[in-house]
Every structure is written in structure tokens, then in C-alpha cells.
Amino acid sequence: MDKIIIHGGKKLKGEVIISGSKNSTLPILFATLLTDEPSIIKNVPSLADIDTAVKFLNFIGKKTIKKGNTIRTYSSCKYKHIAPYDLVRKMRASVLIMGPLLARLNRVDVSLPGGCTIGARPIDIHLDAFKKLGAEISVEGGYVKTSAKDGLKGAAIDLKFPSVGATENILLSAVLAKGKTTIVNVAKEPEIEDLVNVLNKMGAKISGAGTGKIIIDGVDSLRGFTHEVIPDRIEAATYMIAAAITKGDVVLKNVVPEHIEAISNKLKKSGLFVKENGTTIRVKWIRGLHPQNIKTEVYPGFPTDVQAQWMALMCLLKGHSKVEETIFENRFMHVAELQRFGANIKIDSRVANITGVDKFSGAPVMASDLRAGAALVLAGLAAEGKTIVSRIYHLDRGYELLEKKLKKLGADIKRVHV
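Residues numbered from 1 in each chain as written. Predicted model: local features only at pLDDT ≥ 70, side-chain atom pairs only at ≥ 80, totals over all residues. Heavy atoms only, no water.

K.L.:
Mind showing me how you'd approach the overall build of the protein chain here?
P.N.:
When helices and strands are tallied, the protein chain shows 14 helices and 24 strands. For 418 residues, the compact-globule estimate of 2.2 N^0.38 gives 22 Å, and the C-alpha radius of gyration of the protein chain, at 22 Å, lies within 12% of that figure. Each of the three principal axes of the protein chain carries a C-alpha extent, and together these read 65 × 45 × 40 Å. Residue burial in the protein chain is summarised as follows: out of 418 residues, 55% are buried. Here the contacts in the protein chain between residues at least 6 apart in sequence split such that 73% fall between residues at least 24 apart. When the accessible surface of the protein chain is summed, it comes to about 17100 Å², and 49% of that surface belongs to carbon and sulfur atoms. Charged side chains in the protein chain number 61 positive and 42 negative. The centres of these two groups are separated by 4 Å. (Helix = DSSP H or I, 4+ residues; strand = E, 2+ residues; numbered from the N terminus. Rg over C-alpha atoms; globule rule 2.2 N^0.38 Å. Buried < 20%, exposed > 50% of the residue type's maximum accessible area, 1.4 Å probe, protein only. Contact = heavy atoms within 4.5 Å. Areas by Shrake-Rupley, 256 points an atom, 1.4 Å probe, with all protein chains shown as cover. Lys, Arg positive; Asp, Glu negative; His and termini not counted. Charge placed at Lys NZ, Arg CZ, Asp CG, Glu CD.)

Put into C-alpha cells, the structure is as follows:
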């Protein structure tokens, strides 16, 4: 099992290139199931979740090859309609197989995904939408069995919560449905817009991405595409906070500044120098920062995927701050580990009350999930002494070449196999 060892106290300086978005790549990969023509996806990050998705597609019957940061898919043999537990359990996004297979085969059986350490993340919103599109659903032997014998038909869908996954699954199914589908209270994340751009390249007729209402006019078939994935806004935010917590000076390249305005604005209010210039952002610590309260919200609000990293920074700022988590019911697993560094955090239901401390001391810690792991690495970068982070396979799911990028910025960090 690999671990990351950090000797903290180094100010990060230099340039870092932000990788393509994992959360954009995954639904785009599943969109290739909607066509038998070849497709090319560029700027794909090298991550465990991407490798799992490639294996998943090959298992389903879509020939998929990853070389470097490019993925190519080819004409398919007959698709399987079953997504077994052994594949689904490895990646939450596997549920996105439902939309395209239901659209192409009129049936799909997917193993129930189960829970995870940051919350149950139920798929009831997905299933309610499929029902409105004309599907019948049953649960048997741990599988969700979905079928539409006469094909999917356009419908009016009002989401009870702007779920990103549900919005993506509806898009991936309704593009081939008969008639018009209208979705309100949809997710507005940049990854949704990226998926819509791909589907429209394929010949879909979709409007309204980025607003609260998306309209889909079903088409009979879709073609192949070539597309470059958008930059990863969560990775960008993590490196911005890394610069702040180490009192550094870092230039981020290959970013879309408007995608991370919620984080940039909070960092600016804290007193950090943040300068956007095209696809580049410079983040520089000039003087002591001031704590800022945050409340996680759906896009364009403060993202839940940056909550843990933000908390690590707040723990080292003089004064008091609050972090309120509204998206997931159990996303404070990192608090106990931050306390091992010396953090002063008290939890009251979904609110973390933080009193800043003068310093962190390095400690052995354990990642409970992807973003919690990132927070622990940031804390280790700022801490005095040695930090050992275990269970870093979580980090490999969402950060491409994390320790190599940090080392290039001047961090004393290495990965070891034990």
C-alpha cells in the first residue's frame, strides 16, 4: 500500500498545469455508448476512476483505448445490458451507464451502488426521471432493473434537487427519446455544459445548459465526435488553497476562472492576492489572511468538493470561522484527522466551528475520501515536521500526478510503497 510522506514548512512557488476534469470526462465517456461511430476525447486526466471507466466500457462492449491523455472509442459489438457489482462498487459514476444503455437497448440492469463515507448519495432522483420517460423499474437481487419496451418518450421532469448525476443521466437517455423533454431545477455545473456541448456535437438538440431549465428534442441517432475536456475546477481550487496555506506564490495554467469564482472571491476577501489573466490565475500570499465563513451550495455556490481543503486553511488563520455543509450528510470525516495536526474544530450537526491555531504539527493521518485526503496533504504541507498520509488510493481517484506537481512547486513530498 502506498503512502505520502511530507516534510512541511516549504512555501510553494512556481507554475502548475491543471489537468482535465474527471467529473467532465466520465459522463462524456459514457456518452460514447450513444453512437457506433468512432470518437476522440482529449485532455483526459490519468486517474484511477478514468481507468475504471475505460474497463467498464470495454466490458459493456464499447472498444475503448486510452493512450496518454487521449481516449479513443470505436464501433461496438452488441452491448451487454448488465452492470455488475464488481464494476459498479469501484466508481460511483458507474450509475451513468443507465441513461445511454436504456436509450440504446431499452433495458439495463445495474447493481445498487450502496453508500460511501461522505453520504448515501441515493439514485432515487435518477429513477424518478426514468419513470417519467416511460421506464418501468424494479429492484431484484441487489440490482435496479430498468426497461422501456416501447422506447423512451419525452416528458416534463421537475427535479426535487439539482443533482448533477441525475441531470447527466436524463441527458444521456432523453437525447434518443421520442419527442421533447423539459427538465427544470437542473444542475448548472460547468461539467453539465461540457456534456451538452459533446451531445450537440453528436447531433443532439439540447438548449438551456447552464440555466435552470434544459430542453431536449429527441433525435433518431447520434454520430461520433472529437472533444477536449474542460479543466478540473476542483483541482485548480485545491492548488489555490495550497498556495495560501503555505504562504506561497503559484501560477495556475489551463484554468477557466469563472468556474472557480466562488473560491477566488472568498480567497480575495481573506486577503490573498488572486489575479486572473485569460486561462491563468496567479495566487500569492502577501500578508496574514482573515478567516471567512462558507456554506456549501450547488453551483455557482461554494462547492462541497472544496469544503475539506478550505477547512484546513481556516484552521491556521487567527480568529473564528464556520464551515456549513449542506450537500452531504456525513462530510466531516476529515475533522478528526485535522485535529491530529492540532486543529481546534468543534462540530455542531452540519456546522464546523473553527478557532485558528498558530501552527500545525506533522502527524500520521488517514484519508477517508478523495477531498478529505487533499485536505490532509494541504495540512501536511503547512505543518512543522513530518506527516504521513495513508489510504492515498483515494487521492489517485481525483488528482493527476499530485505529489509530482507539488514537488515541482517546491514541496518536500514523496510517495512510498510499504
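K.L.:
Honestly, a nonpolar patch on the surface in this entry has me stumped. Any pointers?
P.N.:
A surface patch of nonpolar side chains, amounting to about 330 Å² of accessible area, comprises Met1, Tyr393 and Val418. Along the chain, Tyr393 turns up in helix 13 (residues 393–396). (Patch = residues over 30% accessible without salt bridge, like charges linked within 9 Å, V, L, I, M, F, W, Y side chains within 5 Å. Salt bridge = Lys/Arg side-chain N within 4 Å of Asp/Glu carboxyl O.)

K.L.:
Explanation requested: the sheet that holds strand 23 (residues 386–390) in the structure shown.
P.N.:
Adjacent strands of a sheet form backbone hydrogen bonds with each other and so pair up, either parallel or antiparallel. Pairing is mixed across the open sheet formed by four strands, whose spatial order is 22-23-1-24. Pairing within the sheet leaves two strands with one partner each, and these edge strands are strand 22 (364–366) and strand 24 (412–417). Pairs of neighbouring strands in the sheet enclose a mean axial angle of 25 degrees, with direction left out of account. Here strand 22 runs beside strand 23; their pairing, made up of three bridges, is parallel. What sits directly across from Val365, in strand 23, is Val389. Relative to strand 22, helix 11 (residues 334–341) is tilted by about 170 degrees, and along the sheet it contacts strand 22 and strand 23. (Pairing = 2+ DSSP bridges. Axes fitted to C-alpha atoms, helices over the stretch in contact; angles between N-to-C directions.)

K.L.:
What is the right way to look at the packing of aromatic side chains in this model?
P.N.:
Geometry of an aromatic ring pair is reported as the spacing of the ring centres plus the angle between the planes. Evaluation of the coordinates by the stated rule reveals three aromatic pairs. On the numbers, 6.1 Å between centres and 85 degrees between planes, the contact of Phe30 with Phe56 is edge-to-face. With Phe30 in helix 1 (residues 22–31) and Phe56 in helix 2 (residues 48–60), this residue pair connects regions lying 26 residues apart in the sequence. Accessibility expressed as a relative area gives 0% for Phe30, which makes it buried. When the ring of Phe302 is compared with that of Trp310, the centres are 5.5 Å apart and the planes differ by 70 degrees; the resulting orientation is edge-to-face. The pair Phe302 / Trp310 is uniform in exposure class, with both members buried. (Phe/Tyr/Trp six-rings, centres within 6.5 Å; stacked < 30°, edge-to-face > 60°.)

K.L.:
Which parts of the structure should I look at to understand the pattern of salt bridges?
P.N.:
The final tally for this structure, using the stated rule, is 15 salt bridges. Overlapping salt bridges, with partners in common, bring together Asp2, Asp396, Glu403 and Arg415 in one network.

K.L.:
How should the layout of surface pockets be read in this particular structure?
P.N.:
A probe as big as a water molecule, rolled over the atoms, marks out the empty space that is left. The space that makes up the second largest pocket amounts to roughly 400 Å³. In terms of lining residues, the second largest pocket is bounded by 22 residues, among which Ile245, Lys247, Leu316, Asp358 and Ala382 are the most central. Class assignment of the residues belonging to the lining of the second largest pocket gives a composition of 12 nonpolar, three polar and seven charged. (1 Å grid on protein atoms, 1.4 Å probe; cavity = no way out; pocket = protein on both sides within 12 Å on 5 of 7 lines; lining within 4 Å. Points joined across faces, edges and corners; volume = space filled by probe spheres on them. Nonpolar A, V, L, I, M, F, W, Y, C, P; charged D, E, K, R; others polar.)

K.L.:
For this particular structure, what's the right way to read helix 6 (residues 164–174)?
P.N.:
Along an α-helix, residues three or four apart share an orientation, since each turn contains 3.6 residues. Among the 11 residues of helix 6, nine are classified as buried, and the element is accordingly described as predominantly covered. Listing the buried residues of helix 6 in full gives Ala166, Thr167, Glu168, Asn169, Ile170, Leu171, Leu172, Ser173 and Ala174. Where helix 6 begins, one side-chain oxygen reaches toward the backbone nitrogen of Gly165, 3.5 Å away; that side chain belongs to Ser163. (Polar contact = N/O pair within 3.5 Å; in protein donor to acceptor, adjacent residues only side chain to side chain.)

K.L.:
What should I look at first to understand the packing of helix 11 against helix 12 (residues 370–382) in this one?
P.N.:
The contact between helix 11 and helix 12 brings their axes to 10 Å, and the two run at 10 degrees. Classified by the angle between their axes, helix 11 and helix 12 sit roughly parallel to one another. Facing helix 11, whose interface residues are His334, Glu337, Leu338 and Phe341, helix 12 presents Ala372, Ala375, Leu376, Ala379 and Gly380. Partitioning the contact of helix 11 with helix 12 into residue classes produces six nonpolar, two polar and one charged. (Parallel < 35°, antiparallel > 145°, perpendicular 65-115°, else oblique.)

K.L.:
Help me out: how do you make sense of the side chain of Ser321 in this one?
P.N.:
Among the secondary structure elements, Ser321 is positioned in strand 19 (residues 320–324). Ser321 sits in the buried class, given a relative accessible area of 4%. The residues touching Ser321, leaving out its near neighbours within four places in the chain, are Pro291, Gln292, Asn293, Met314, Ala352, Asn353 and Ile354.

K.L.:
Got a minute to help me understand the packing of helix 10 (residues 307–314) against helix 12 in this structure?
P.N.:
A pair of packed helices can be characterised by two numbers: the angle between their axes and the separation between those axes. Viewed as axis vectors pointing N to C, helix 10 and helix 12 meet at an angle of 25 degrees, and their least axial separation amounts to 7 Å. As judged from the angle between their axes, helix 10 and helix 12 are roughly parallel. Two packed elements cross with a definite hand, and for helix 10 against helix 12 that hand is right-handed. The residues of helix 12 that touch helix 10, namely those facing Ala308, Gln309 and Ala312, are Arg371, Ala372, Ala374, Ala375 and Leu378. Classifying every residue of the contact of helix 10 with helix 12 gives six nonpolar, one polar and one charged. (Left-handed = near helix turned anticlockwise from the far one by under 90°.)

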